[in-house]
Amino acid sequence: MQTWDRMAHRSALRLGPLLLLSLCASSTPVSLLRRLGEHLGQIQDSSSPSLSLGPGAVAIPKQGWLEQPLDPFNASDTRSFLQRYWVNDQHWTSQRGPVFLHLGGESSLRSGSVLRGHPTALAPAWGALVIGLEHRFYGLSVPAGGLDVAQLRFLSSRHALADVASARLALARLFNVSSSSPWICFGGSYAGSLAAWARLKFPHLIFASVASSAPVRATLDFSEYNEVVSRSLTRTALGGSPECRAAASAAFAEVERRLHAGGATRSALRAELGACSPLDRAEDQAELLGALQALVGGAVQYDAQAGVPLSVRGLCGLLLEGRSNRSRSAPYHGLRRAVQVVMHSLGQRCLSFSRAETVAQLKVTDSQVSGVGDRQWLYQTCTEFGFYITCEGPRCPFSQVPALPSQLELCEQVFGLSASSVVQAVAQTNSYYGGQTPGATQVLFINGDTDPWHVLSITQASGPLESALLIPSASHCMDMAPDRPSDSPSLRLGRQSIFQQLQTWLRLAEESQVRSRA
């Protein structure tokens, strides 16, 4: 079932092209948000070096591989793939101790998943073994055979949950974990949903779950995202103000004016915003406006996190910098500087807003040159979740671009999936998992009210066995990040609540162990 580091060298060779391509990849709204998330993860990982226990000891973390069935729902299909995992046993004190299983999501799962933040910071208190499990089709856990549609039919949350169940049993055998040891799943964002669903679907294997920023309700038209962004730009606690929101709206209006002016004005706009190619096509102009929305949304979604290029406070400072001269273009110049900050931070010389290039990149089926998971995640949005961020309502301060038809068209262009099939897939996902009323027990849902994704999660407890925690002024998955001196009192209090909930669960597990031995 399992193999070890004999695969590490070959897998590392596969990673090079992926990292290279990220420097010149598309700057569509979704890809820009994904790259911001990847960037923050890399920054935080760089502060978590591997640990050594002394001369001759094995470095922590250890990397391993599980041989998993490609199609876990068809016993006659013998094909398999190698799934990567990480192990940190530095704090593990007993084979009867708990196991904290950190689930990966729609990107590579790095060693930092078992070295920093939650769940690792919680492990010493209970002598827990910490394991990180990478999601199939992401990072180095990509099955052989490429990423064509025939292969991607084995990519879904249901397949991922089957991997969790299989890995849970295999890892328990591999590390000789006691059958009475409680396994607790952790995850953030999509992986947070997986953590909750793992407890929902496999309560006999997963004792409890901690689900951070978990969007458990699939939705086709995610207009609420920009509504939260709009509110956040006005919040003084984040460094926002009504003037900042108005400046953002004015900046987008100026971008649209310059796009529509054409000629030299549009050419100057291209140079000022770092576009790699001309902005003459309407579809490319829509890509630009969507990417600018994602830039502002990213400042809110990842507000105040370590390594974030722009926080709400920083963005508002740029947008309002020239307001004293009452120039119509002052907010636009602030937005332009914000673009430059993000470009520099992501190491990009220019940003591609070409719709044709976006489609071409997403059609690449070679896993070694297809980007950092964009094709795979698009497939999951088309076949399960939707999550298409739109800006078509009066409460959205940005350009009113037709984002939903454009996103649905991508599903058709890249995978041949009709809009009606996407609508049906979203409905089926909510029917299968229960949306925002999943009915899972011993799950703690954690969200920050700054995070636009919290509106798709669970923010109020539905009963004594399903807990919820909404942390004021916290952004996406902020509770999982390593502690910092600058952390707000509400974030510190939130982490204490997580600790106390784990304490309650593990006391129940311990009482159950005592009864079983009696």
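The numbering scheme is per chain: residues are counted from 1 as the chain's sequence reads. Owing to the predicted nature of the model, reporting of local features is limited to residues with pLDDT of at least 70; listing and counting of side-chain atom pairs is limited to 80 or more, with chain, interface and lining totals taken over all residues. Where side-chain values are given, they derive from all heavy atoms of the structure, hydrogens and water being excluded.

**Regarding the overall build of the chain**
Okay, so step 1: Looking only at helices and strands, one finds 17 helices and 11 strands in the chain.
Okay, so step 2: Within the chain, buried positions represent 57% of all 518 residues.
Okay, so step 3: Contact between two residues is taken to exist if any of their heavy atoms lie within 4.5 Å; hydrogens are not considered. Nonlocal contacts in the chain, meaning residues at least 24 apart in sequence, comprise 74% of its contacts between residues at least 6 apart.
Okay, so step 4: Roughly 20400 Å² of accessible area belongs to the chain as shown, and the carbon and sulfur atoms make up 54% of that amount. Counting from the N terminus, the helices are the DSSP runs of H or I reaching at least four residues and the strands are the DSSP runs of E reaching at least two. Only protein chains enter the area calculation, which uses a 1.4 Å probe; residues under 20% of their type maximum are buried, those over 50% are exposed, and those in between are partly exposed. Calculation of accessible area relied on Shrake-Rupley with a 1.4 Å probe; when residues are assessed, cover is drawn exclusively from the protein chains displayed.

**Concerning the nonpolar core**
A general tendency of soluble globular proteins is for nonpolar side chains to be buried together.
Okay, so step 1: The biggest cluster of nonpolar side chains holds 118 residues, and the ones touching the most others in it are I131, W183, L233, V255, L288 and V296.
Okay, so step 2: A per-element tally of this core places helix α10 (residues 282-301) first, with 9 residues.
Okay, so step 3: To define a nonpolar core, start from buried Ala, Val, Leu, Ile, Met, Phe, Trp, Tyr and Cys residues and group those joined through side-chain atoms within 4.5 Å. Counting residues in each nonpolar core, the second largest holds 24 residues, with A123, V210, I471 and L502 among its members.

**A short note on the state of the cysteines**
Okay, so step 1: Here, two cysteine sulfur atoms that lie within 2.5 Å of each other are counted as a disulfide. Here the structure, examined in full by the defined rule, presents 4 disulfides.
Okay, so step 2: Bridging C382 to C411, the disulfide has an S-S length of 2.0 Å. Between C382 and C411 the disulfide shows an S-S torsion of about -85 degrees. By sign, it is left-handed. Here C382 is found in helix α14 (residues 374-385), whereas its partner C411 is found in helix α15 (residues 403-415), with 29 residues between them in sequence. Accessibility classification places C382 together with C411 in one group, the buried group.

**A look at the packing of aromatic side chains**
Okay, so step 1: The criterion for an aromatic pair is that two Phe, Tyr or Trp rings (for Trp, the six-membered ring) have centres within 6.5 Å, with stacked assigned to planes under 30 degrees apart, edge-to-face to planes over 60 apart and tilted to the rest. A full pass over the atoms with the stated rule returns 16 aromatic pairs.
Okay, so step 2: On the numbers, 3.7 Å between centres and 5 degrees between planes, the contact of W197 with Y433 is stacked. A residue pair is termed long-range when its members are at least 10 positions apart, and W197 in helix α6 (residues 190-201) and Y433 in helix α16 (residues 419-433) qualify at 236 residues.
Okay, so step 3: Among the aromatic residues, those joined into a ring-pair cluster are Y190, W197, F222, Y225, W377, F385, F387, Y432, Y433 and W453.
Okay, so step 4: Against the face of Y432 rests R158, its NZ or CZ located 3.7 Å from the ring centre. By definition here, charges over rings are those cases where NZ of Lys or CZ of Arg is within 6 Å of the ring centre and within 35 degrees of the ring normal.

**A closer look at the confidence of the model for the chain**
Okay, so step 1: Here pLDDT means the predictor's own confidence in every residue, given as a number from 0 to 100. The predicted model of the chain averages 89 in pLDDT, with 89% of residues at 70 or higher.
Okay, so step 2: For the stretch residues 2-26, pLDDT sits under 50, and the model shows 53 contacts to residues farther than four places along the chain or on other chains.
Okay, so step 3: Within the model, the stretch residues 52-58 combines pLDDT values under 50 with 2 contacts to residues more than four positions away or in other chains.

**A few points about the side chain of D303**
Okay, so step 1: Tracing the sequence through the fold places D303 in the loop between α10 and α11 (312-319).
Okay, so step 2: In this tally Asp and Glu are treated as negative and Lys and Arg as positive; neither His nor the chain ends contributes. The rule for a salt bridge is simple: a side-chain nitrogen of Lys or Arg has to be within 4 Å of a carboxyl oxygen of Asp or Glu. Nearest to the buried, unbridged D303 among oppositely charged side chains is R313, at 7.1 Å.
Okay, so step 3: Every residue in contact with D303, bar those within four places of it in the chain, is listed here: L238, G298, S311, V312, R313, T450, S475 and M478.

**What to know about the packing of α10 against helix α12 (residues 330-346)**
Okay, so step 1: Axis lines are fitted to C-alpha atoms, over the contacting stretch for helices. Their N-to-C directions set the angle, which ranges from 0 to 180 degrees. Across the interface, α10 lies against α12 with an axial gap of 11 Å and an inter-helix angle of 75 degrees. Judged on the interaxial angle alone, α12 and α10 are roughly perpendicular. Along the contact surface, α10 presents L292, L295 and V296, while α12 presents L335, A338, V339 and V342.
Okay, so step 2: Grouping the constituent residues of the contact of α10 with α12 by class yields 7 nonpolar, no polar and no charged. Roughly parallel covers angles under 35 degrees, roughly antiparallel covers those over 145, roughly perpendicular covers 65 to 115, and oblique covers all other angles. For this classification, Asp, Glu, Lys and Arg are treated as charged, while Ala, Val, Leu, Ile, Met, Phe, Trp, Tyr, Cys and Pro are nonpolar and the rest, including Gly, are polar.

**A look at the pairing of strand β4 (residues 99-103)**
Okay, so step 1: Counting buried residues in β4 gives 5 out of 5 residues, a clear majority hidden from the surface.
Okay, so step 2: Here β4 shows no split at all, with V99, L101 and L103 on one side and F100 and H102 on the other all buried.
Okay, so step 3: The rule for pairing is simple: two strands pair if DSSP sees at least two bridges between them. Across 5 bridges, the pairing between β4 and strand β5 (residues 129-133) is parallel. If you follow H102 over to β5, its bridge partner there is G132.
Okay, so step 4: Sheet topology note: the β4/strand β6 (residues 183-188) ladder contains 4 bridges and is parallel. Of the residues in β6, the one forming a bridge with F100 is I184.

**Points about the pattern of salt bridges**
Okay, so step 1: This model, assessed by the stated rule, comprises 16 salt bridges.
Okay, so step 2: Among the ionic pairs, E254 bridges to R258, the shortest N-O distance being 2.8 Å. Here the residue E254 and the residue R258 both occupy positions in helix α8 (residues 242-261), the gap between them amounting to 4 residues, near one helical turn. Considered together, E254 and R258 belong to a single accessibility category, that of buried residues.
Okay, so step 3: Taking the shortest distance from any N to any O, the salt bridge between R355 and E287 comes out at 3.1 Å.

**Considering the packing of helix α7 (residues 224-232) against α10**
Okay, so step 1: In contact at an axis separation of 10 Å, α7 and α10 are set at 65 degrees when each is read in the N-to-C sense. As far as their axial angle goes, α10 and α7 are roughly perpendicular. Crossing handedness for the pair α7 and α10: left-handed. Contacts between α7 and α10 pair Y225, N226, V229 and S232 from the former with Q293, V296, G297, G298, V300 and Q301 from the latter. Crossing chirality is assigned from the near helix's rotation relative to the far helix, an anticlockwise turn below a right angle marking it left-handed and a clockwise turn marking it right-handed.

**Looking at the environment of S111**
Okay, so step 1: Along the chain, the position of S111 falls in the loop between β4 and α3 (123-126).
Okay, so step 2: Each C-alpha atom, one on S111 and one on Y85, is 8.9 Å from the other, the two residues being 26 residues apart in sequence.

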